[in-house]
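# Analysis of the macromolecular model
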Amino acid sequence: MGYDRNALPSLPRGLRLLPWENDTGKPCYLSTNDPEGSLSRLADDIESDQLCDGADVLKGAQAVLDDRKAGEHALRLALRATTQALGDVLRVADSRGARLPVRETEVEAVDGDEDEGDDPQLQSEVHG
């Protein structure tokens, strides 16, 4: 099963989205503030591997696309590998993004204390 960020509930504060799913395909979370813990380090290592794999898959997919003789089977394999790698990279991005500290201006904008139209970047972050 692939990563579907639209099916994921908003990431709970204080929980880390892990780079794997349980046996029924549901996301796994880690509840710890210890980035040096064994599970945190394992998750970091797996995320690093997934990002490297994504770069390799991108190169391979580009090679298939550049090969005018590549058949349907090669294209399907490249697309399948690319969608898996993209899902992994999105999961890593969502996990890391949820662990970024919230800036005070973002909290005020979400609470409605500031006009969201003043900062286009903030507006896309709040709504996107």
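Structural data are supplied above this passage.
Residues numbered from 1 in each chain as written. Predicted model: local features only at pLDDT ≥ 70, side-chain atom pairs only at ≥ 80, totals over all residues. Heavy atoms only, no water.

## Details of the pattern of salt bridges
Going by this rule: Criterion for a salt bridge: a side-chain nitrogen of Lys or Arg within 4 Å of a carboxyl oxygen of Asp or Glu. In this description a helix means any DSSP run of H or I spanning at least four residues, a strand means any run of E spanning at least two, and both kinds are numbered starting from the N terminus. To sort residues, take the accessible area from a 1.4 Å probe on protein chains only and compare it with the maximum for the residue type: under 20% means buried, over 50% means exposed, and anything in between is partly exposed.
Within this structure, the stated rule accounts for seven salt bridges. Across the pair aspartate 94 and arginine 5 runs a salt bridge whose closest N-O atoms are separated by 2.3 Å. Taken together, the positions of aspartate 94 in helix α2 (residues 72-98) and arginine 5 in the segment before β1 (15-21) put the pair 89 residues apart, joining distant regions of the chain. For arginine 5, a relative accessible area of 41% gives the class partly exposed. We note a salt bridge from arginine 16 to aspartate 44, for which the minimum N-O separation is 2.7 Å. Of this pair, arginine 16 sits in strand β1 while aspartate 44 sits in helix α1 (residues 38-66), and the two are 28 residues apart along the sequence.

## As for α2
To be explicit about the condition: Expected helix span is taken as 1.5 Å per residue step, with the number of steps being one fewer than the number of residues. Contacts are assigned to residue pairs that have any heavy atoms within 4.5 Å of one another.
With 27 residues, α2 should reach 39 Å at 1.5 Å per residue; the first-to-last C-alpha distance of 38 Å fits that figure. Taken as a whole, α2 has its buried residues at Ala78, Ala85, Gly87, Asp88, Arg91, Val92, Asp94 and Ser95. Where the residues of α2 are buried, they touch β1, β2 (27-31) and α1.

## A word on the layout of surface pockets
Let me state the cut-off plainly: Residues are said to line a cavity or pocket when one of their atoms sits within 4 Å of a point; the points come from a 1 Å grid over protein atoms alone, cavities being sets where a 1.4 Å probe fits but cannot get out and pockets being open sets with protein on both sides within 12 Å along at least five of seven lines. Grid points are joined across faces, edges and corners, and a volume is the space filled by probe spheres set on the points. Residue polarity is assigned by list, with Asp, Glu, Lys and Arg as charged and Ala, Val, Leu, Ile, Met, Phe, Trp, Tyr, Cys and Pro as nonpolar; anything else, Gly included, falls into the polar class.
By volume, the second largest pocket is sized at about 240 Å³. Taken together, 14 residues line the second largest pocket, and the ones lying closest to its centre are Gly14, Arg16, Thr32, Asn33 and Arg99. Of all the secondary structure elements, the ones that give two or more residues to the lining of the second largest pocket are β1 and α1. The residue inventory of the lining of the second largest pocket, partitioned by class, reads five nonpolar, four polar and five charged.

## Focus: α1
The terminal C-alpha atoms of α1 lie 42 Å apart, and with 29 residues this matches the ideal 42 Å at 1.5 Å per residue to within 8%. Listing the buried residues of α1 in full gives Ser40, Ala43, Glu47, Gln50, Gly54, Ala61 and Val64.

## Thoughts on the packing of α1 against α2
For clarity, the threshold we go by: Note on geometry: axes are C-alpha line fits, over the in-contact stretch for helices, and angles between N-to-C directions span 0 to 180 degrees. Just so you know how the angles are binned, under 35 degrees is roughly parallel, over 145 roughly antiparallel, 65 to 115 roughly perpendicular, and the rest oblique. Should the near helix be turned anticlockwise from the far one by less than a right angle, the crossing is left-handed, and should it be turned clockwise, the crossing is right-handed.
The interhelical angle for the contact between α1 and α2, taken along N-to-C directions, is 150°, at an axis separation of 9 Å. One element, α1, and the other, α2, form an angle in the roughly antiparallel class. Remark: the crossing between α1 and α2 carries left-handed chirality. Counting all contacts with α1, which are made through Glu47, Gln50, Leu51, Gly54, Val57, Ala61, Val64 and Leu65, the residues of α2 involved are Ala74, Leu75, Ala78, Ala81, Thr82, Ala85, Asp88, Val89, Val92, Ser95 and Arg96. Among the residues forming the contact of α1 with α2, the class breakdown is twelve nonpolar, four polar and three charged.

On their own, these measurements won't tell you what the molecule is for.
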